[in-house]
Amino acid sequence: NSIYAAGVAGYGGGVAYYDGYTWQKIPTTATLAIQDIWGKVNPKTGKEVVMAVASDFSTPNQKEVLEVTPRSADTVNSAGLRWSIHSIWSPDGWLYYICGDGIFKDYSLDTPWRLTSYQSSQYTERIRGNAVNDFVIAGDLGLLVHYNGSSFREYNGHDLPNFLGNYYSVDMKGNMIVAVGSLNSGQAIAVIGRR
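Residues numbered from 1 in each chain as written. Predicted model: local features only at pLDDT ≥ 70, side-chain atom pairs only at ≥ 80, totals over all residues. Heavy atoms only, no water.

**Structural notes on the nonpolar core**
For step 1, the next point in the chain: Among the nonpolar cores identified, the biggest contains 14 residues, and Tyr4, Ile26 and Val68 are the most heavily contacted of them.
For step 2, the next point in the chain: Among the elements that take part in this core, strand β5 (residues 48-55) stands out by supplying 3 residues, more than any other. (Core = buried A, V, L, I, M, F, W, Y, C linked by side-chain atoms within 4.5 Å. Buried < 20%, exposed > 50% of the residue type's maximum accessible area, 1.4 Å probe, protein only. Helix = DSSP H or I, 4+ residues; strand = E, 2+ residues; numbered from the N terminus.)

**A word on the pattern of salt bridges**
Side-chain pairs of opposite charge can arise where the charged atoms are in close proximity.
For step 1, the next point in the chain: What the rule picks out here adds up to 4 salt bridges.
For step 2, the next point in the chain: Across the salt bridge formed by arginine 126 and aspartate 36, the nearest N and O atoms sit 3.4 Å from each other. Placement of the pair is arginine 126 in strand β12 (residues 124-131) and aspartate 36 in strand β4 (residues 34-41), with a sequence separation of 90 residues.
For step 3, the next point in the chain: In this structure arginine 126 comes out as buried when scored by relative accessible area, which is 11%.
For step 4, the next point in the chain: Classification of aspartate 36 by relative accessible area gives buried; the value is 7%. (Salt bridge = Lys/Arg side-chain N within 4 Å of Asp/Glu carboxyl O.)

**A short note on the sheet that holds strand β7 (residues 73-76)**
For step 1, the next point in the chain: Within the open sheet, the 4 strands sit side by side as β4-β5-β6-β7. Their pairing is antiparallel. Edge positions in the sheet fall to β4 and β7, since each of these pairs with one other strand and no more. Adjacent strand axes in the sheet meet at a mean angle of 30° when their direction is disregarded.
For step 2, the next point in the chain: Of the pairings in the sheet, the one linking β4 to β5 comprises 7 bridges and is antiparallel in character. (Pairing = 2+ DSSP bridges. Axes fitted to C-alpha atoms, helices over the stretch in contact; angles between N-to-C directions.)

**Considerations on the environment of glutamate 154**
For step 1, the next point in the chain: Its location among the elements puts glutamate 154 in strand β15 (residues 152-154).
For step 2, the next point in the chain: Take glutamate 154: its relative accessible area is 30%, and that puts it in the partly exposed class.
For step 3, the next point in the chain: Separated by 11 residues in sequence, glutamate 154 and leucine 143 have C-alpha atoms that sit 7.3 Å apart.
For step 4, the next point in the chain: Beyond its immediate stretch of four places on either side in the chain, glutamate 154 contacts Tyr118, Leu143, Leu144 and Val145.
For step 5, the next point in the chain: Looking at glutamate 154, its side chain comes within polar contact range of the side chain of tyrosine 118, at 2.6 Å. (Contact = heavy atoms within 4.5 Å. Polar contact = N/O pair within 3.5 Å; in protein donor to acceptor, adjacent residues only side chain to side chain.)

**Brief notes about the pairing of β7**
Note on strand geometry: in a regular strand, side chains alternate between the two faces of the sheet.
For step 1, the next point in the chain: Across 4 bridges, strand β6 (residues 63-68) lies against β7 in antiparallel orientation. Directly across from valine 68, in β7, lies its bridge partner alanine 73.
For step 2, the next point in the chain: Here β6 hands over to β7 after 4 residues, the two strands then running antiparallel side by side.

**Side note on a nonpolar patch on the surface**
For step 1, the next point in the chain: A cluster of nonpolar side chains, Met176, Val178, Val180 and Ile192, forms an exposed patch at the surface whose accessible area comes to about 300 Å².
For step 2, the next point in the chain: With respect to the helices, strands and loops of the structure, valine 180 is situated in strand β17 (residues 176-183).
For step 3, the next point in the chain: Taking relative accessible area as the criterion, valine 180 reaches 39% and is therefore assigned partly exposed. (Patch = residues over 30% accessible without salt bridge, like charges linked within 9 Å, V, L, I, M, F, W, Y side chains within 5 Å. Areas by Shrake-Rupley, 256 points an atom, 1.4 Å probe, with all protein chains shown as cover.)

**Overview of the side chain of aspartate 92**
For step 1, the next point in the chain: The topology assignment puts aspartate 92 in the loop between β8 (85-89) and β9 (96-100).
For step 2, the next point in the chain: A distance of 3.0 Å separates the side chain of aspartate 92 from the side chain of tryptophan 94, its partner in a polar contact.
For step 3, the next point in the chain: Discounting chain neighbours no more than four positions away, the residues touching aspartate 92 are Lys40, Val41, Asn42 and Pro43.

**Describing the packing of aromatic side chains**
For step 1, the next point in the chain: Summed over all chains, the structure comprises 12 aromatic pairs.
For step 2, the next point in the chain: On the numbers, 6.3 Å between centres and 40° between planes, the contact of tryptophan 83 with tyrosine 123 is tilted. A residue pair is termed long-range when its members are at least 10 positions apart, and tryptophan 83 in the loop between β7 and β8 and tyrosine 123 in the loop between β11 (114-115) and β12 qualify at 40 residues.
For step 3, the next point in the chain: Residues phenylalanine 135 and phenylalanine 152 carry aromatic rings whose centres are separated by 6.1 Å and whose planes lie at 70° to one another, so their mutual orientation is edge-to-face. Remark: phenylalanine 152 occurs in strand β15 and phenylalanine 135 occurs in strand β13 (residues 134-139); sequence separation between them is 17 residues.
For step 4, the next point in the chain: The buried category is assigned to phenylalanine 135, whose relative accessible area is 2%.
For step 5, the next point in the chain: Taken together through their ring pairs, the aromatic side chains of Trp89, Tyr97, Tyr118, Phe135, Tyr147 and Phe152 make up a single cluster.
For step 6, the next point in the chain: The ring of tryptophan 94 has lysine 44 sitting right over it, with the charged end atom 4.3 Å from the ring centre. (Phe/Tyr/Trp six-rings, centres within 6.5 Å; stacked < 30°, edge-to-face > 60°. Lys NZ or Arg CZ within 6 Å of the ring centre and 35° of its normal.)

Treat this as a map of the structure, not an account of what it does.
So, in structure tokens, the structure goes:
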């Protein structure tokens, strides 16, 4: 009974909200295409927090971070982020991660985003996970990385082959990870990982 959808609408980002009965368009200050949206209930406040990221890959430094409610989607602080962002995720509704040209985190939307201890040489397309100590990042040239709370483990080039292509999305639930993308030849590719 609380679903948010986001993407491209005209020249700016389009956002919609479903309350269990009807869909409604949400007014937004976004001027770029929304690449990802993520929501979580903050356990400390009980408040639903929904965030989105928007960017234009063809133009450096064209990026926006949005805070989304059923009534509005307004841009918030993007200080500290590099030239392009592509995905946002939160394990708990108060710590947020953003990936794209770097991997960033922030506890407060009023402070600059900071780089995490792990940085890939590849562009990162998507971040998802179970908890702050259990998440996965997927990206270009077969990049697939898992964080276990103390260290990052890259699977590409080790357990999985490097390939000419990209993982565009990844999701994780319990002990399963699924990443999907395509080879440069256009062939679809998917990988399933189990603990």
